[in-house]
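# Descriptive structure summary
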Amino acid sequence: MKIILLFYEFFKIGLFSVGGGYATLPFLYFISDKYHWYSHSDLNMMLSISSVTPGPIGINMATFAGFTTTGFIGSVIATSAIVLPAFLTVI
């Protein structure tokens, strides 16, 4: 059930966050408050790490949040879900 919710929430983030990786932050704070999968301090750490690692910040944040939530499978699910809306739009 947690994996389905993870996919759903990150699909919504990918669908509605327009403007880059920093536009995903309000959604991630909402997930933190609603599901308590990670704390606000964990989210701040994820943001710091995502800012210094190469690649898009939004996708890096999704990967770290998914890994924090359910491990490796969660990171794959969250990353796929956040990219899927843009992929479907381009197709």
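Our structure's up above, just so we're on the same page.
Notes on the structure follow. (Residues numbered from 1 in each chain as written. Predicted model: local features only at pLDDT ≥ 70, side-chain atom pairs only at ≥ 80, totals over all residues. Heavy atoms only, no water.)

### Notes on unusual backbone geometry
In most cases, non-glycine residues show a negative phi, while peptide bonds are predominantly trans. The phi torsion at His36 lies on the positive side, around 55°, for a residue other than glycine. Within the secondary structure layout, His36 lies in the loop between α2 (25-35) and α3 (40-52). For His36, a relative accessible area of 64% puts it in the exposed group. (Helix = DSSP H or I, 4+ residues; strand = E, 2+ residues; numbered from the N terminus. Buried < 20%, exposed > 50% of the residue type's maximum accessible area, 1.4 Å probe, protein only.)

### A short note on the pattern of salt bridges
All chains considered together, the criterion is met by one salt bridge. Among the ionic pairs, Lys12 bridges to Glu9, the shortest N-O distance being 3.5 Å. Placement of both Lys12 and Glu9 in helix α1 (residues 2-16) is noted, with a separation of three residues, approximately one turn of the helix. By relative accessible area, which is 22% here, Lys12 ends up partly exposed. (Salt bridge = Lys/Arg side-chain N within 4 Å of Asp/Glu carboxyl O.)

### Points about the packing of aromatic side chains
Counting across every chain of the model gives two aromatic pairs. Summarising the aromatic geometry, the rings of Phe7 and Phe11 are spaced 6.0 Å apart at their centres and angled 20° between planes, so their arrangement reads as stacked. Of this pair, Phe7 and Phe11 both sit in helix α1, four residues apart, which is roughly one turn of that helix. A relative accessible area of 33% places Phe7 in the partly exposed class. (Phe/Tyr/Trp six-rings, centres within 6.5 Å; stacked < 30°, edge-to-face > 60°.)

### So, α1
With 15 residues, α1 extends 21 Å between its outermost C-alpha atoms, agreeing within 8% with the 21 Å of an ideal straight helix rising 1.5 Å per residue. Listed as buried for α1 are Leu6, Glu9, Phe10, Ile13 and Gly14. On an axial view of α1, the arc spanned by its buried residues comes to 140°, and they lie on one face. Residues of α1 that are exposed and angled more than 90 degrees away from the buried face: Ile4 and Phe16. Where α1 is buried, its residues meet α2, α4 (57-70) and α5 (72-90). (Expected span 1.5 Å × (residues − 1). Arc of directions from axis to C-beta. Contact = heavy atoms within 4.5 Å.)

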